[in-house]
Amino acid sequence: MPTQQQRSDSTREALLAACRKLLLEQGLEATTLASVLAETGLSKGALYHHFASKAELIAAIYKAESKGAIARALAQAEQAGATAPLVQLTTMCAAWLEEIRAPDVAAILLRIGPAALGLEEAQRIENANSLALFERQLARAAEAGEIGAIDQPLAARLVNALMTELAIASLRERGQALPDVEGLILGVLKAMERGGARS
């Protein structure tokens, strides 16, 4: 017999799955809390126990989508056998670009989430997942002597912004090959090293 926590988790997952499905099939405006309840057969009480609003429900979907795409990209980097921190970083970034090309993932992360939550909130959520990861990898790369003395927080933000722009560009030109992610990231880091050496 399922525990109370298991039932609660199951209800939350059902709400998230139904809302995600409706957002992708019907769009942001047509997806209402009433339509989510109709899809799940759950009560308003069950919904409001977990989510206070449609925006809160979409924020949870956005967070899960962001974490999922990053987790799958990390897994691909690990499967590729990347051990050096910079190779791990660039391999993971290239894998993430492939993830974001999936129509459902792109719709949630690049269109629906920002429209529902606002660009600033969507960026805050995404940064909590990706930016922290980039900062950790760059710190490891510095410890391993792979990069020189650079402003690591700034470098992480630049890599994060670069990946966002590459994702948008790759969606516009789906038929084209992905750019040289490794070359672009290493170029940014090398330019930062050179800039630091002059000052």
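Everything numeric in this text was worked out from a predicted model, so none of it was measured.

K.L.:
Would you mind going over the overall build of the chain with me for this structure?
P.N.:
Summing up its helical and strand segments, the chain has 9 helices and 0 strands in all. Going from N to C terminus, the chain has its helices and strands arranged as α-α-α-α-α-α-α-α-α. Taking the principal axes of its C-alpha atoms as reference, the chain extends roughly 65 × 40 × 30 Å. Relative to its 199 residues, the chain shows a buried fraction of 41%. Across the chain, contacts joining residues at least 24 apart in sequence account for 71% of those joining residues at least 6 apart. With 20 positive and 23 negative side-chain charges, the chain shows a separation of 3 Å between the mean positions of the two kinds.

K.L.:
Just to check I follow, could you spell out the layout of surface pockets for this structure?
P.N.:
Summary: where empty space remains is shown by rolling a probe the size of a single water molecule over the atoms. Computed from the structure, the largest pocket encloses a volume of approximately 500 Å³. As for the largest pocket, its lining consists of 24 residues, of which Tyr62, Leu110, Gln123, Glu126 and Thr164 are closest to the centre. For the lining of the largest pocket, the secondary-structure elements that each account for two or more residues are helix H4 (54–79), helix H5 (85–100), helix H6 (103–117), helix H7 (119–143) and helix H8 (152–172). Here the element with the most residues in the lining of the largest pocket is H7; it accounts for 9 residues. Per-class residue counts for the lining of the largest pocket are 17 nonpolar, 5 polar and 2 charged.

K.L.:
Could you clarify how one ought to interpret H8 in this entry?
P.N.:
For an α-helix, 3.6 residues make a turn, and residues three or four places apart therefore share a direction. The terminal C-alpha atoms of H8, which comprises 21 residues, lie 30 Å apart, in line with the 30 Å expected from a rise of 1.5 Å per residue. Restricting attention to buried positions, one finds in H8 the residues Ala155, Ala156, Val159, Asn160, Leu162, Met163, Leu166, Ala167, Ser170 and Leu171. Seen along its axis, H8 keeps its buried residues to an arc of 165°; they face one direction. Opposite the packed face of H8, turned more than 90 degrees from it, sit the exposed residues Glu165 and Arg172.

K.L.:
What is the right way to read the pattern of salt bridges from this model?
P.N.:
Any two side chains of opposite charge can pair, on the condition that their charged atoms come close. Enumeration over the complete set of coordinates arrives at 6 salt bridges. One salt bridge connects Lys21 with Glu39, and the closest N-O pair in it is separated by 3.1 Å. Of this pair, Lys21 sits in helix H1 (residues 4–26) while Glu39 sits in helix H2 (residues 33–40), and the two are 18 residues apart along the sequence. Here Lys190 makes a salt bridge to Glu193, at a shortest N to O gap of 3.7 Å.

K.L.:
Please explain H6 as it appears in this structure.
P.N.:
Compared with the 21 Å implied by 1.5 Å per residue over 15 residues, the 20 Å span of H6 between its first and last C-alpha is a close match. By the largest-angle criterion, Leu109 marks the main kink of H6, which is about 30°. Among the residues of H6, Val105, Ala106, Ala107, Ile108, Leu109, Ile112, Gly113, Pro114 and Leu117 are the ones counted as buried. If you follow the buried residues of H6, they end up packed against H1, H4, H5, H7 and H8. The positive-phi residue at the C-terminal boundary of H6 is Gly118, with phi of around 90°.

K.L.:
What's the story with the side chain of Ser8 in this structure? I'm lost.
P.N.:
Among the secondary structure elements, Ser8 is positioned in helix H1. Taking the relative accessible area as the measure of exposure, Ser8 reaches 17% and is therefore buried. Among all residues touching Ser8, those that are not within four sequence positions of it are His49 and His50.

K.L.:
Looking at this structure, how should I read the confidence of the model for the chain?
P.N.:
Low pLDDT means the predicted atomic positions in that stretch should not be read closely. On average, residues of the chain carry a pLDDT of 89, and 96% of them reach 70 or more. At the low end of the mean pLDDT range in the chain sits helix H9 (residues 181–198), at 81; at the high end sits H2, at 96.

K.L.:
How should I be thinking about the environment of Arg72 in this particular structure?
P.N.:
Relative to the helices and strands, Arg72 resides in helix H4. Taking relative accessible area as the criterion, Arg72 reaches 35% and is therefore assigned partly exposed. Through-space distance from the C-alpha of Arg72 to that of Trp96 is 7.7 Å; in sequence the pair is 24 residues apart. Setting aside residues up to four positions removed in sequence, Arg72 forms contacts with Glu99 and Val105.

What counts, and where the lines are drawn
Residues numbered from 1 in each chain as written. Predicted model: local features only at pLDDT ≥ 70, side-chain atom pairs only at ≥ 80, totals over all residues. Heavy atoms only, no water. Helix = DSSP H or I, 4+ residues; strand = E, 2+ residues; numbered from the N terminus. Buried < 20%, exposed > 50% of the residue type's maximum accessible area, 1.4 Å probe, protein only. Contact = heavy atoms within 4.5 Å. Lys, Arg positive; Asp, Glu negative; His and termini not counted. Charge placed at Lys NZ, Arg CZ, Asp CG, Glu CD. 1 Å grid on protein atoms, 1.4 Å probe; cavity = no way out; pocket = protein on both sides within 12 Å on 5 of 7 lines; lining within 4 Å. Points joined across faces, edges and corners; volume = space filled by probe spheres on them. Nonpolar A, V, L, I, M, F, W, Y, C, P; charged D, E, K, R; others polar. Expected span 1.5 Å × (residues − 1). Arc of directions from axis to C-beta. Salt bridge = Lys/Arg side-chain N within 4 Å of Asp/Glu carboxyl O. Bend = angle between axes of the 7 residues up to and from the residue. pLDDT = per-residue confidence, 0-100.

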